[in-house]
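Architecture and fold: a report
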Amino acid sequence: MGTANFYSMEDFPLYVIDPEDEWEAEDIYNELAAEADRKNEDLLFHKISIRSGYYTGMQLYVETDGDIPEECDNSECRYNWNMFRSVAIRKYEAEQRKIRRWMKQTAQYYSMTCLEVSGRFSNGTAVYRRCLV
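First things first, this report covers the structure right here in the doc. (Residues numbered from 1 in each chain as written. Predicted model: local features only at pLDDT ≥ 70, side-chain atom pairs only at ≥ 80, totals over all residues. Heavy atoms only, no water.)

1. Section: the state of the cysteines
Taken as a whole, this structure holds 1 disulfide when the rule is applied. At a sulfur-sulfur separation of 2.1 Å, the disulfide partner of Cys114 is Cys131. Sign of the S-S torsion, about -70° for the bond between Cys114 and Cys131, identifies this disulfide as left-handed. In this pair, Cys114 is assigned in strand E4 (residues 113–120) and Cys131 in the segment after strand E5 (126–130), connecting sequence segments 17 residues apart. Exposure class is identical for Cys114 and Cys131. Each is buried. Not engaged in a disulfide, the cysteine Cys72 finds its nearest cysteine sulfur in Cys77; these two sulfurs lie 4.8 Å apart. The exposure class of Cys72 is buried, given its relative accessible area of 6%. (Disulfide = S-S within 2.5 Å. Helix = DSSP H or I, 4+ residues; strand = E, 2+ residues; numbered from the N terminus. Buried < 20%, exposed > 50% of the residue type's maximum accessible area, 1.4 Å probe, protein only.)

2. Let's talk about a negative patch on the surface
Together, Glu10, Asp11, Asp67, Glu70, Glu71, Asp73, Glu76 and Glu93 make up a negatively charged patch on the protein surface. Here Glu76 falls in the partly exposed class, since its relative accessible area comes to 37%. (Patch = residues over 30% accessible without salt bridge, like charges linked within 9 Å, V, L, I, M, F, W, Y side chains within 5 Å. Areas by Shrake-Rupley, 256 points an atom, 1.4 Å probe, with all protein chains shown as cover. Salt bridge = Lys/Arg side-chain N within 4 Å of Asp/Glu carboxyl O. Lys, Arg positive; Asp, Glu negative; His and termini not counted. Charge placed at Lys NZ, Arg CZ, Asp CG, Glu CD.)

3. Structural notes on helix H3 (residues 85–109)
An ideal rise of 1.5 Å per residue puts 36 Å on 25 residues; H3 measures up with 36 Å between its terminal C-alpha atoms. If you check which residues of H3 are buried, you get Ala88, Ile89, Tyr92, Glu95, Gln96, Ile99, Trp102, Met103, Thr106 and Ala107. In this structure, the buried side of H3 is in contact with strand E1 (14–17), helix H1 (22–40), strand E2 (46–52), strand E3 (58–64) and helix H2 (74–81). (Expected span 1.5 Å × (residues − 1). Contact = heavy atoms within 4.5 Å.)

4. Remarks on the pattern of salt bridges
By the definition in use, this model includes 2 salt bridges. Close ionic contact of Arg38 with Glu35 constitutes a salt bridge, the shortest N to O distance being 3.1 Å. Within this pair, Arg38 and its partner Glu35 are both found in helix H1, separated by 3 residues, close to a single helical turn. A relative accessible area of 48% places Arg38 in the partly exposed class.

5. Comments concerning the sheet that holds E5
Spatially, 5 strands are ordered E2-E3-E1-E4-E5 in an open sheet, and the strand pairing comes out antiparallel. The sheet terminates laterally at E2 and E5, the two strands that pair on one side only. Within the sheet, the average angular offset between the axes of one strand and its neighbour, ignoring direction, is 40°. Relative to E4, E1 runs antiparallel, the two sharing 3 bridges. Along E4, the bridge assignment pairs Leu14 with Leu115. Contacts between H1 and the sheet are confined to E1, E2 and E3, with E2 contributing the most and set at about 175° to the helix. Contacting E1, E2 and E3, H3 runs over the sheet at an angle of about 35° to E2. (Pairing = 2+ DSSP bridges. Axes fitted to C-alpha atoms, helices over the stretch in contact; angles between N-to-C directions.)

6. A few points about the packing of aromatic side chains
Taken as a whole and judged by the stated rule, the model has 6 aromatic pairs. Ring centres 6.0 Å apart and planes at 65° place the aromatic pair Tyr7 and Tyr61 in the edge-to-face group. You can see Tyr7 sitting in the segment before E1 and its partner Tyr61 sitting in strand E3, a full 54 residues away along the chain. Of the residues examined, Tyr61 reaches a relative accessible area of 13% and is grouped as buried. Between Tyr54 and Tyr55, the aromatic rings sit 4.9 Å apart at their centres with planes inclined by 85°, giving edge-to-face as the arrangement. Over the ring of Tyr61 we find Arg51, and its NZ or CZ is 4.0 Å from the ring centre. Between Arg78 and the ring centre of Phe84, over which it is positioned, the NZ or CZ distance is 4.7 Å. (Phe/Tyr/Trp six-rings, centres within 6.5 Å; stacked < 30°, edge-to-face > 60°. Lys NZ or Arg CZ within 6 Å of the ring centre and 35° of its normal.)

Rendered as structure tokens:
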């Protein structure tokens with residue numbers, strides 16, 4: 001049984017890099033992890049990390065850190081973030097845009113490739129193609 005090499009994200013593009021050798025991969029991983037940690041200090045709803053591919057390479061990975069404002073009612077938003085639901089939703093969407101800009105800049109700096117899944121087989125294997133971002 002096969003599997004996709006990279007983890008998919010619903011709201012963010014898939015930026016990947018496949019370094020030539022193990023030493024280069026370790027250096028790039030450490031640099032990207034440090035960049036992600038610095039960016040995470042400014043984020044309220046998301047967390048950025050670097051994940052290794054199942055077979056090769058690594059990717060920028062973004063996940064929601066806790067609840068999603070759209071799935072909460074007003075009292076939950078007041079409890080979680082001390083803001084009204086409408087304000088939380090706007091800040092959540094603004095944070096997503098900020099992360100996408102950061103991902104694009106970081107990917108350009110490290111010569112990463114943007115990929116999208118063009119097909120997925122029944123055994124779990126995925127076929128990727130370069131995307132235009």
